Amino acid sequence: MRYRIERASRRFFDQPVREHHVQVRLAPWESDTQRVLSCNLSIDPPAEPACARDCFGNQVHRFALIGAHDRLITRLVAEVETRLVNPFDFEPIPPSREHDWIAHSLRQAPRLLDFVLHRSDFTPALPETLGETSPPTFDPGAAILGQVQGAMDWISAAFASRSMGNETPAPLADLIASGRGGPSELAHLLIALVRGWGVPVRYVTGYIDPGYFEPDEDAAGESAAPCPQTRHAWAEVLVPGAGWRGFDPSTGLLADDSYIGVAVGRDAADVPSERSIFKGEGSAAETQVDLSVTRLE
Amino acid sequence: MTPMRQLQSSSQTGGPPPRTVAYHEFYRDDFRPREHYLPMWEHIQRTGQSLLDTKAREAHLALHTEGVTFTVYSNQDEGIERVWPFDILPRIITAEEWHALEAGLKQRIRALNLFLKDLYHGQRILKDGVVPPELIYRGKDFRREIMDIDPPHDIYTHISGVDLIRDEQGRYLVLEDNLRTPSGVSYMIENRIVERRILPEFFHRYQVRRVEHYPALLLQALRYLSPRGAEDATIVVLTPGIFNSAYFEHTFLAKEMGVELAEGRDLVCKNDKVYLKTTRGLRRVDVIYRRVDDDFLDPLVFRPDSVLGLAGVINAWRAGNVALVNAPGSGIADDKAVYAYVPEIIRYYLGETPILQNVPTYQMTDPQDRAYVLDNLERMVVKAVAESGGYGMLMGPSSTPAQRAEFARKIGENPRNYIAQPVVQLSRHICYLDGELESRHLDLRPFIIYGEDIEVVPGGLTRVALTKGSLVVNSSQGGGSKDTWVLAE
């Protein structure tokens with residue numbers, strides 16, 4: 001699938017600010033299953049972004065506006081080709097050998113431990129029961145892929161999904177208390193659960209096909225207008241034999257070529273779309289973000 | 001069975017350990033001064049009590065007027081400044097002893113730097129299972145943000161302070177490595193300045209090696225790191241400001257080296273380069289000797305609420321446009337849980353037998369070690385792995401049952417955060433205290449500078465536990481100090 005991504009974020013300050021350092025994680029990644037055809041990041045006031053990789057391998061663009069300015073507008077235009085048509089298309093490993101496969105992967109790449117050990121307010125260790133429901137327990141005799149799907153089904157049944165909305169996700173305790181969460185919170189729940197099984201799992205942010213934002217056909221009569229597009233979040237599990245595979249508890253689907261990856265981390269705190277520091281008295285109202293992902297024929 | 005486990009089981013089967021007498025650095029077993037102390041002893045006898053007393057008061061006055069102070073953080077969130085406590089009788093280390101120490105320290109620092117480079121790049125030592133990867137990835141001071149960055153000349157710990165103690169047999173043991181921003185070097189120098197002024201006659205009897213050139217050695221090492229070459233290097237000392245307990249030292253070192261003392265707000269990053277704001281415009285900075293902790297160094301990368309650091313400095317470092325001293329992330333190598341593996345780290349990277357031994361250490365992540373320690377807390381020193389300065393520590397023998405219960409709970413909650421060591425009777429030395437010669441326990445912190453080569457400054461900071469019988473030497477916990485003389489021959 002080919003997509004064009006246009007994203008603009010606008011921030012206006014009530015008084016000028018200076019020494020404004022900004023890091024963004026916005027550009028789609030390049031991988032075996034995702035090719036970036038073009039990518040352009042522009043900044044107003046003008047600044048030349050530089051790029052480096054963080055410890056998770058993500059592309060991080062950075063720039064600095066040293067002089068006084070009262071606005072920051074960041075525009076990204078990118079075209080991507082996604083190729084993962086069928087996420088199930090791989091040679092599976094017998095369940096009895098899956099844990100050896102994971103142990104071997106961890107020995108070869110100790111960096112993966114971050115995705116097993118990390119606990120935070122977003123991905124805490126889970127108690128045996130959450131209110132009236134209990135998270136599925138791990139069955140060492142069954143395939144990991146199927147068990148993660150089972151966990152996703154459990155999340156869909158026990159928690160209501162809402163749109164991504166605000167980019168700052170809530171701690172997992174809020175999701176458990178309210179029973180409702182956006183894609184980030186649901187992804188964190190899946191991560192917290194799968195980490196408890198000792199399986200590497202990471203948080204992903206990215207963009208998804210515009211079709212996901214269109215109203216349900218069943219509900220079309222009530223509101224025909226699509227939801228505004230937002231950045232999306234899901235989880236990736238290191239599936240024995242396959243490598244990283246995306247699981248999206250907000251849709252209940254495995255990520256395929258309708259998902260466009262941008263950055264991975266232990267949880268949402270590792271991959272904010274923007275991180276910035278400035279000096280000055282000015283403050284800004286909330287950043288306005290407009291996102292448009294279109295499918296190219 | 002690990003060496004620790006063997007030691008543990010032998011002490012378990014052998015009943016309570018026999019009472020041991022701490023090594024005395026000054027007296028031999030028959031209470032005669034050791035040979036290298038004889039000239040000093042004769043001199044003290046000739047000087048007499050009243051003159052010694054005058055000298056002690058003069059020393060205190062000199063430190064007071066020079067403004068040689070340190071800060072104790074109290075529970076009231078206020079810093080209390082105190083005059084640096086100093087004992088006029090020096091500690092003397094023979095040339096022979098020093099040679100062995102120097103070789104051991106160089107070996108250790110060389111290995112720890114190779115370890116840091118490996119941890120932040122290929123992680124060979126973790127893949128080979130020599131150091132458990134979980135230990136690193138659970139470590140608070142492992143800075144994944146600096147993965148794959150190449151510091152100039154692959155040096156991470158340009159300045160190290162290694163704490164040494166002597167056990168009951170007089171053997172030097174490493175108690176801990178301080179690889180972040182070890183402090184105390186200014187006191188080492190001030191001690192020497194005062195000692196020379198107050199007791200010049202002592203120095204006539206010995207050939208004492210100099211320590212006063214430390215700032216020159218440091219400056220040379222810092223220049224060596226400059227990306228624009230040593231000649232053009234602009235160097236700054238980055239301080240968190242006057243509220244820091246080591247602010248005295250920051251000003252001292254900047255003044256002695258003739259470089260700028262800066263706070264984060266005096267610097268700015270532009271196009272991955274660091275500049276100092278001066279009255280004549282921006283001036284490019286090549287080397288930052290930072291005395292700001294990793295967490296506060298760059299709000300863009302570490303704690304976003306930090307106002308002590310400099311936004312963008314990690315990117316400038318990554319781009320090779322500035323050197324950071326010590327490198328961020330060095331703290332993982334002096335994590336007290338990693339400490340237990342340093343002998344293995346030396347063998348792994350250098351293929352050599354460690355010259356300096358560690359104090360035996362129990363890992364609280366190991367269930368058997370943990371059970372043993374919890375049963376014997378009153379005989380243990382328990383330390384939080386990422387704390388220093390004597391904070392977050394349980395001194396078993398002098399603890400109350402309530403304190404032991406509190407630590408047992410903390411260990412249970414977060415075993416990775418604690419280690420335990422059997423109480424080692426630190427060596428003793430005579431001190432001139434309130435008109436008497438009394439013995440007190442002490443340790444030694446030599447300073448190691450890693451520039452073009454590794455240099456150990458001949459001397460160090462001798463810290464004294466001024467309270468009788470106490471084993472806690474930290475100045476923040478009521479410790480004092482002595483001048484440390486390394487003899488030339």
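All of these numbers come straight from a predicted model, not from anything done at the bench.

## Let's talk about the environment of proline 132 of chain B
All names here are of chain B.
Then, number 1: With respect to the helices, strands and loops of the structure, proline 132 is situated in the loop between helix H5 (124-127) and helix H6 (133-137).
Then, number 2: Sequence separation of proline 132 and tyrosine 156 is 24 residues, and the distance between their C-alpha atoms is 21 Å.
Then, number 3: Contacts of proline 132, omitting those with residues within four sequence positions, involve Leu126 and Tyr341.

## Digging into the domain arrangement of chain A
Where the parts come together, the accessible area they lose is often given as the size of the interface.
All names here are of chain A.
Then, number 1: For chain A, the domain assignment lists domain 1 (2-82 + 273-296) and domain 2 (95-270).
Then, number 2: Each of domain 1 and domain 2 has a C-alpha centre, and the two are 25 Å apart.
Then, number 3: Both sides of the domain 1 and domain 2 interface together cover about 1,900 Å² of buried area, and 53% of this is carbon and sulfur.
Then, number 4: Per-residue buried area on domain 1 facing domain 2 is highest for Trp29, Phe56 and Leu291; these three make up 33% of the total on that side.
Then, number 5: The tally of links between domain 1 and domain 2 comes to one salt bridge.
Then, number 6: One salt bridge in this structure joins aspartate 209 and arginine 295, with 2.7 Å as the shortest N-O distance.
Then, number 7: At the surface where domain 1 touches domain 2, the tally comes to nine residue pairs in polar contact (both at pLDDT 80 or more).
Then, number 8: Elements that contribute at least two residues to the side of domain 1 that touches domain 2 include exactly strand S1 (2-24), strand S5 (69-82) and strand S14 (288-296).
Then, number 9: Top contributing element to the side of domain 1 that touches domain 2 by residue count: S14, with five residues.
Then, number 10: Of the residues assigned to the side of domain 1 that touches domain 2, the class counts are twelve nonpolar, six polar and three charged.

## Some points on the interface of chain A and chain B
Then, number 1: In this complex, chain A contributes 21 residues to the contact, which on the side of chain B involves 29 residues.
Then, number 2: Note on chain A versus chain B: buried area summed over both sides is about 2,100 Å², and carbon and sulfur give 55% of it.
Then, number 3: Counting every contact that joins chain A to chain B gives four salt bridges.
Then, number 4: A salt bridge links arginine 111 of chain A to aspartate 148 of chain B, with the shortest nitrogen-to-oxygen separation between them at 3.0 Å.
Then, number 5: Counting across the interface, chain A meets chain B through nine residue pairs in polar contact (both at pLDDT 80 or more).
Then, number 6: Within the residue set of the side of chain A that touches chain B, elements represented by two or more residues are S1, strand S3 (50-53), helix H1 (95-108), helix H2 (114-117) and strand S13 (274-279) of chain A.
Then, number 7: Of all the elements, S13 of chain A adds the most residues to the side of chain A that touches chain B, at four residues.

What counts as what
Residues numbered from 1 in each chain as written. Chains lettered and ligands numbered in written order. Predicted model: local features only at pLDDT ≥ 70, side-chain atom pairs only at ≥ 80, totals over all residues. Heavy atoms only, no water. Helix = DSSP H or I, 4+ residues; strand = E, 2+ residues; numbered from the N terminus. Contact = heavy atoms within 4.5 Å. Domains from an automatic or database assignment. Buried area = accessible area lost by both parts, 1.4 Å probe. Salt bridge = Lys/Arg side-chain N within 4 Å of Asp/Glu carboxyl O. Polar contact = N/O pair within 3.5 Å; in protein donor to acceptor, adjacent residues only side chain to side chain. Nonpolar A, V, L, I, M, F, W, Y, C, P; charged D, E, K, R; others polar.

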